[in-house]
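This is what each chain is made of:
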Amino acid sequence: MTPRTDRGADLRDLAADVAEDPAVADAWLAKSFTDRVLVVTVEPDAALPDGIRERLAASGLRGANEVYDSDGPDPSGMGTAGEGRRHRFVDVRTRGEYQSYVVE
């Protein structure tokens, strides 16, 4: 069962704030099988601003490559999408609290 907290609303608000940065094309909250993930797409010619990475870290979000021990020079980079570059950040405060399916 999904925990009832305001964490999801807080993260959606954070995504909306991040999306207002001029270098950011879009930002939204998603769920993986067990985690909340904030996805940020930056404009093709822009890098993810350091201030955003720091702000997300202060809110308990870490780069998915770092959290999942994936290879890559960027702790959050997940490649290109359309005309931008995507980054994903895992909510480490609620990591593992969700289940998308049950196997018996």
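A quick note: this is a predicted structure, and the numbers were derived from the prediction, not measured. (Residues numbered from 1 in each chain as written. Predicted model: local features only at pLDDT ≥ 70, side-chain atom pairs only at ≥ 80, totals over all residues. Heavy atoms only, no water.)

A. Structural view of the overall build of the chain. The number of helices and strands found in the chain is 3 helices and 5 strands. Ordered by position from N to C terminus, the α and β elements of the chain give α-β-β-α-β-α-β-β. Per-residue burial over the chain gives 35% buried out of 104 residues. Look at the contacts in the chain between residues 6 or more apart in sequence, and 60% of them connect residues 24 or more apart. (Helix = DSSP H or I, 4+ residues; strand = E, 2+ residues; numbered from the N terminus. Buried < 20%, exposed > 50% of the residue type's maximum accessible area, 1.4 Å probe, protein only. Contact = heavy atoms within 4.5 Å.)

B. Up close: helix α1 (residues 7-19). Over its 13 residues, α1 runs 18 Å from end to end, which matches the ideal 18 Å to within 8%, given 1.5 Å per residue. Close packing links the buried residues of α1 with β1 (24-31), β2 (36-42), α2 (50-58), β3 (61-63) and β5 (84-91). (Expected span 1.5 Å × (residues − 1).)

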